[in-house]
Amino acid sequence: MASLSLKHIYKKYPGGVTAVSDFTLDIKDKEFLVLVGPSGCGKSTTLRMIAGLEEITEGELFIGDKLVNDIAPKDRDIAMVFQNYALYPHMTVFENMSFGLKLRKTPKEEIKRRVEEAARILDIMHLLDRRPKALSGGQKQRVALGRAIVRNPKVFLLDEPLSNLDAKLRAQMRTELTKIHKKVGTTFIYVTHDQVEAMTMASRIVVMKDGVIQQVDTPQKLYDNPANIFVAGFIGTPQMNFINSTLVKKGSDLYLKFGEYEMKLPAEKANEEGLQEYIGKDVIAGIRPEAIHDEPIYLANFPDSVFDVQVDVTELMGAEIYLYLTIDEQNLIARVSSRSTARAGDTVKVAIDPSRVHIFDRDTERCVSF
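Residues numbered from 1 in each chain as written. Predicted model: local features only at pLDDT ≥ 70, side-chain atom pairs only at ≥ 80, totals over all residues. Heavy atoms only, no water.

Draft legend 1. Spotlight on the overall build of the protein chain. For the protein chain, the helix and strand inventory stands at 11 helices and 21 strands. Overall, the C-alpha framework of the protein chain stretches about 80 × 45 × 35 Å when taken along its three principal axes. Counting all 370 residues of the protein chain, 51% fall into the buried class. Across the protein chain, every contact between residues at least 6 apart in sequence was considered, and the portion connecting residues at least 24 apart equals 67%. When the accessible area of the protein chain is evaluated, it comes to approximately 17,500 Å², of which 49% is carbon and sulfur surface. Between the averaged position of the 49 positive side-chain charges in the protein chain and that of its 51 negative side-chain charges there is a distance of 9 Å. (Helix = DSSP H or I, 4+ residues; strand = E, 2+ residues; numbered from the N terminus. Buried < 20%, exposed > 50% of the residue type's maximum accessible area, 1.4 Å probe, protein only. Contact = heavy atoms within 4.5 Å. Areas by Shrake-Rupley, 256 points an atom, 1.4 Å probe, with all protein chains shown as cover. Lys, Arg positive; Asp, Glu negative; His and termini not counted. Charge placed at Lys NZ, Arg CZ, Asp CG, Glu CD.)

Draft legend 2. The arrangement of the pairing of strand β20 (residues 357-361) in detail. With five of five residues buried, β20 lies mostly within the body of the structure. The side-chain alternation of β20 yields two buried faces, one formed by V357, I359 and D361 and the other by H358 and F360. Note: strand β14 (residues 282-287) against β20, five bridges, orientation antiparallel. Bridge pairing in β20 links I284 to F360. Note that β20 and strand β21 (residues 367-369) share two bridges and pair antiparallel. (Pairing = 2+ DSSP bridges.)

Draft legend 3. The arrangement of the nonpolar core in detail. Ranked by size, the top nonpolar core spans 47 residues in total, and within it M97, L145, L158, Y190 and V207 carry the most contacts. Among all residues touching V207, those that are not within four sequence positions of it are V36, V212, I213, Q214, Q215, L222, F230, V231 and I235. (Core = buried A, V, L, I, M, F, W, Y, C linked by side-chain atoms within 4.5 Å.)

Draft legend 4. Seen up close, helix α4 (residues 137-149). In a regular helix each residue adds 1.5 Å, so 13 residues correspond to 18 Å; α4 covers 18 Å between its end C-alpha atoms and thus fits that length. Of all 13 residues in α4, 10 are buried, a share of seventy percent or more. Of the positions making up α4, those classed as buried are G138, Q141, R142, V143, A144, L145, G146, R147, A148 and I149. Elements that come into contact with the buried residues of α4 comprise β6 (78-81), α2 (93-103), α3 (108-122), β7 (155-159) and α5 (167-184). (Expected span 1.5 Å × (residues − 1).)

Draft legend 5. Expanded view of the sheet that holds β14. Spatial strand order, β13-β12-β11-β14-β20-β21: six strands in an open sheet with antiparallel pairing. Looking at which strands have only one partner, the edges of the open sheet turn out to be β13 (261-264) and β21. Across the sheet, the mean angle from the axis of one strand to that of its neighbour is 45°, orientation sign disregarded. (Axes fitted to C-alpha atoms, helices over the stretch in contact; angles between N-to-C directions.)

Draft legend 6. Fine view of the sheet that holds strand β8 (residues 187-192). Spatially, β6-β7-β8-β3-β9-β10 is the arrangement adopted by the six strands of the open sheet, whose pairing is mixed. Each edge of the sheet is formed by a strand with only one pairing partner; in this case those strands are β6 and β10 (212-217). Neighbour-to-neighbour, the strand axes of the sheet open up by a mean angle of 15°, direction not taken into account. Strand direction decides the pairing type here: β7 and β8, joined by five bridges, are parallel. By the bridge assignment for β8, V155 is matched with T187. Against the sheet, α4 contacts β6 and β7, and its axis sits at roughly 170° relative to β6.

Draft legend 7. Main features of the side chain of K43. With respect to the helices and strands, K43 occurs in helix α1 (residues 43-51). For the buried residue K43, which engages in no salt bridge, the nearest side chain bearing the opposite charge is E160, 4.2 Å off. At a separation of 3.0 Å, a polar atom in the side chain of K43 contacts the main-chain carbonyl oxygen of G37. Of note is the side chain of K43, whose polar atom sits 3.1 Å from the backbone oxygen of P38. Leave out the neighbours within four places in its chain, and K43 touches L35, V36, G37, P38, E160, V191, T192, H193 and M208. (Salt bridge = Lys/Arg side-chain N within 4 Å of Asp/Glu carboxyl O. Polar contact = N/O pair within 3.5 Å; in protein donor to acceptor, adjacent residues only side chain to side chain.)

Draft legend 8. Structural detail: the packing of aromatic side chains. Within the structure shown, the criterion is met by 10 aromatic pairs. Ring centres 5.0 Å apart and planes at 65° place the aromatic pair Y88 and F99 in the edge-to-face group. Here Y88, found in the loop between β6 and α2, pairs with F99, found in helix α2; they are 11 residues apart in sequence, far enough to count as distant. A relative accessible area of 33% means that Y88 is categorised as partly exposed. Where F258 meets F307, the ring centres are 5.6 Å apart and the plane angle is 55°; that geometry is what we call tilted. Taken together, the residues F258 in strand β12 (residues 253-258) and F307 in strand β16 (residues 306-316) connect sequence positions 49 residues apart. In this pair, the class of F258 matches that of F307, namely buried. An aromatic cluster is defined as three or more aromatic residues linked by ring pairs; in this entry it consists of F32, F156, F188 and Y190. Here the basic side chain of K250 rests over the ring of Y255, its NZ or CZ set 5.2 Å away from the ring centre. (Phe/Tyr/Trp six-rings, centres within 6.5 Å; stacked < 30°, edge-to-face > 60°. Lys NZ or Arg CZ within 6 Å of the ring centre and 35° of its normal.)

Draft legend 9. Up close: the environment of V357. As for its position among the elements, V357 is in strand β20. Residues V357 and G251, 106 residues apart in the sequence, show an inter-C-alpha distance of 21 Å. Dropping the residues within four chain positions of it, V357 is found in contact with L256, M263, K269, A285, G286, I287, I352, S369 and F370.

Draft legend 10. Inspection of the pattern of salt bridges at higher detail. Throughout the structure, instances matching the rule amount to 20 salt bridges. We note a salt bridge from D253 to K264, for which the minimum N-O separation is 3.7 Å. Of this pair, D253 sits in strand β12 while K264 sits in strand β13, placing them 11 residues apart in sequence. Taking the relative accessible area as the measure of exposure, K264 reaches 25% and is therefore partly exposed. It is possible to trace a salt-bridge network through shared partners that takes in E110, R113, R114 and E117.

Given below as structure tokens:
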């Protein structure tokens, strides 16, 4: 097994295009690390540099204690699972899974043992004699994983492996991948643009934008303490609401003022040193949808942050309802109980939990209070 260390990695293409910039990260042995970000942010390029499929322009890549910049992909002791599975259509599942071992001249008995062990882990023993055309998408995904597992690599690299599956199967495979990671006990580096996959599977998440790391942390800490507006908006479903506001001081209290509305901040926030320099300045307030409530108990609990809002659209999600709201010409999304009686076209009262408001610097977009 192995840890990885990426030190000031750059990927530059001809014409001055920089796909990855100063990527520096230590990845622990047996960690499930997820690289997440929008299309074109450099996450797959980073994965391909680790695999050796893309040349590193600048920087150093270590697997364990070994510098691997100039080592061929086949000699890096890594296994990659691709988005399109890349199975050989004329081979059976057994032959697909054993192909890499045969190339390495592994003894037949050892090949049989490894393939059957991986097949048991993945619950595909009954598929070993089938060809890929007779498999479902989820089964093909398991075979692709099995082909990687039999090699006992130091590192697994997974490039959007669930993107071709339907929603139900994706949810199932998220759970399966987490179980497989625990059973195999190997370092997993996983690339996705789907923040739900990142939040549910990762031990740590790397959020990327324009080839630059924005923040690295556990899923919960990313959600609770985002470093900037991009991370705050990318992590969480529905995404965080952002309101253009001004920070105002009245006596010893701080208020967020937007249009004709004011919201009193809790005393602990008002006393934060970092906020004092923003008094009288424009800021951006960030509010998670679940911090906006329409139930009477919350209206009573947060009397200093109750507002009349227009309901534009409601979406019933089963156990909860998403309310799309307008306040002072700004749009909000609230995630409320399915007991809510709000309907499109209504004007309703909502309470915002002021203790859960994030405040961002309008110029730098950095989070200055959470």
